[in-house]
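A look at the structure
Residue strings, one per chain:
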Amino acid sequence: MGLIDINGLTKRFEKRAVLDELTLSINAGDRIALIGSNGAGKTTLFRCLLGHYRYQGDVRFEGARTARRDVGTLAQIAFVPQLPPPLRLPVGDLLRFAEKGAGASAALMQEIAGKLGIDLDEIRNRPFYRLSGGQKQKILVTVALARDADLLIFDEPAANLDPAARAVFIDLLAERKDCSMLIASHRLEEVASLVNRVIELDRGAVVLDDSVVDRLKAGVFRQCRIGLANAHPTFGAALLDWGFTETDEGRHYAGKIPAADTLRFLGLLSRYASLIEHLSLDTGDTGKG
Ligand SMILES: Nc1ncnc2c1ncn2[C@@H]1O[C@H](COP(=O)(O)OP(=O)(O)OP(=O)(O)O)[C@@H](O)[C@H]1O
């Protein structure tokens, strides 16, 4: 029995199947990046799990069938939607509700919001819907992370965050080792270091289910060599930060990438792709020697 067992889940909107006989098990401790192009069905899957929609098929949370808006199940899931709801209530009321109704710790909310760059006392009297997109997302992330949930479901949680807040947010998620995570993201490289499993949806079906943890065990490295047409100080500095060594006046670099960081490293390379003349990334090196 998994944390969540989904069997033959089909969701139709006006006869069109947006989720099509989807079958998937999520185990306790899984930290999943859910990827897929726009319209693939990620949000719809979340909303079925959360009981927001009627659907066909079987969805179980810890073995029990989830009914629509099942209070017991929802108490164990912290959800941050892609689009914050247009709540008219003041932020202070929302935080009080999160504390009394959803078990969020007030002290933890204060601390997490501070790390994300939000002073809760300053915005306590402002209606939630009048905050900026990023501020709303920070408040919802704060509430979710201050709850003692078994499962975090985040739908593009960093979409509206500035780069500094994104980095803090990823660190905050990395600190949460006690719960399972299901994170929809269009930036796999951003969440790659957090997850042990990548699931790709395409037109409502699972087309990739990759348990990275088995292949990318700690201690396994890839040997990387990069040749540039011309030296580039910023890219060079980034490679040196990864522990690379430089030769040929900054035109050749060599180093070892921990296999588990491959996606994050490829994210860096993609920014400088036009500068790269030669690239090798060899697997099978155990990092010894
Ligand atoms: N309430 C609705 N009524 C009708 N169609 C809907 C509804 N909600 C979603 N859809 C359709 O279902 C499909 C899947 O949408 P969904 O929001 O689940 O995709 P997604 O993978 O989350 O996409 P994105 O990456 O853009 O957020 C889309 O074609 C969308 O138009």
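The rules behind the values
Residues numbered from 1 in each chain as written. Predicted model: local features only at pLDDT ≥ 70, side-chain atom pairs only at ≥ 80, totals over all residues. Heavy atoms only, no water. Helix = DSSP H or I, 4+ residues; strand = E, 2+ residues; numbered from the N terminus. Phe/Tyr/Trp six-rings, centres within 6.5 Å; stacked < 30°, edge-to-face > 60°. Buried < 20%, exposed > 50% of the residue type's maximum accessible area, 1.4 Å probe, protein only. pLDDT = per-residue confidence, 0-100. Contact = heavy atoms within 4.5 Å. Domains from an automatic or database assignment. Salt bridge = Lys/Arg side-chain N within 4 Å of Asp/Glu carboxyl O. Polar contact = N/O pair within 3.5 Å; in protein donor to acceptor, adjacent residues only side chain to side chain. Nonpolar A, V, L, I, M, F, W, Y, C, P; charged D, E, K, R; others polar. Pairing = 2+ DSSP bridges. Axes fitted to C-alpha atoms, helices over the stretch in contact; angles between N-to-C directions. Near = heavy atom within 4 Å.

Before going further, it helps to examine the environment of Arg 187. Within the secondary structure layout, Arg 187 lies in the loop between β8 (180–184) and α8 (188–191). In the structure, Arg 187 is positioned 154 residues away from Ala 33 in sequence and 9.5 Å away in space, judged by C-alpha atoms.

Looking now at the packing of aromatic side chains. For the structure on display, the rule yields five aromatic pairs. Ring plane angle 15° and centroid distance 4.5 Å describe the contact between Phe 235 and Tyr 272, whose orientation is recorded as stacked. You can see Phe 235 sitting in helix α10 (residues 233–241) and its partner Tyr 272 sitting in the loop between α11 (262–271) and β14 (276–285), a full 37 residues away along the chain. Tyr 272 carries the same exposure label as Phe 235, and that label is buried.

Moving on to the confidence of the model for the chain. Per-residue pLDDT for the chain averages 88, and the proportion of residues at 70 or more is 93%. Within the model, the stretch residues 285–289 combines pLDDT values under 50 with nine contacts to residues more than four positions away or in other chains.

Quick look at the domain arrangement of the chain now. Structurally, the chain comprises domain 1 (4–215) and domain 2 (221–285). Between the C-alpha centres of domain 1 and domain 2 the distance comes to 33 Å. Between domain 1 and domain 2, the contact holds five residues from the first and four residues from the second. The tally of links between domain 1 and domain 2 comes to zero salt bridges. On the surface where domain 1 and domain 2 come into contact, there are zero residue pairs in polar contact (both at pLDDT 80 or more). Split by residue class, the side of domain 1 that touches domain 2 holds two nonpolar, one polar and two charged.

Another aspect to go through is the sheet that holds strand β6 (residues 77–80). Sheet architecture is open: six strands sit in the order β6-β7-β8-β3-β9-β10, paired in mixed fashion. Pairing within the sheet leaves two strands with one partner each, and these edge strands are β6 and β10 (205–210). The sheet shows a mean angle of 15° between the axes of neighbouring strands, taken without regard to direction. Relative to strand β7 (residues 151–155), β6 is paired through four bridges, and the arrangement is parallel. Bridge assignment links Ala 78 to a residue of β7, and that residue is Leu 152. Contacting β3 (31–35), β7 and β8, helix α7 (residues 163–175) runs over the sheet at an angle of about 160° to β7.

Right, let's get into unusual backbone geometry. Although it is not a glycine, Glu 21 sits at a positive phi angle of roughly 55°. Relative to the assigned elements, Glu 21 resides in strand β2 (residues 16–26). A positive phi angle is found at Arg 203, which is not glycine, with a value near 45°. Mapped onto the elements of the fold, Arg 203 is located in the loop between β9 (197–202) and β10.

Strand order in the open sheet formed by four strands is β2-β1-β4-β5, and the pairing between neighbours is antiparallel. Since the sheet does not close on itself, it has two edges, and those belong to β2 and β5 (64–65), each with one partner. Here strand β1 (residues 4–13) pairs with strand β4 (residues 56–61) via five bridges, running antiparallel. The partner of Thr 10 across the bridge, within β4, is Gln 56. Its contacts with the sheet put helix α1 (residues 42–49) on β1, β2 and β4, and the angle it makes with β1 is roughly 115°.

Let us look at the site of the ligand. If you check the shell around the ligand, you find 13 residues, and the closest are Asn 38, Gly 39, Lys 42, Thr 43 and Thr 44. At 2.8 Å from an oxygen atom of the ligand is found a main-chain nitrogen or oxygen belonging to Gly 39. Between Gln 82 and the ligand, the recorded distance is 3.0 Å, taken from a side-chain N or O atom to an oxygen atom. For the shell around the ligand, the elements supplying multiple residues, two or more each, are β2 and α1. Residue contributions to the shell around the ligand peak at three residues, all from α1. Taken together, the residues of the shell around the ligand sort by class into three nonpolar, eight polar and two charged.

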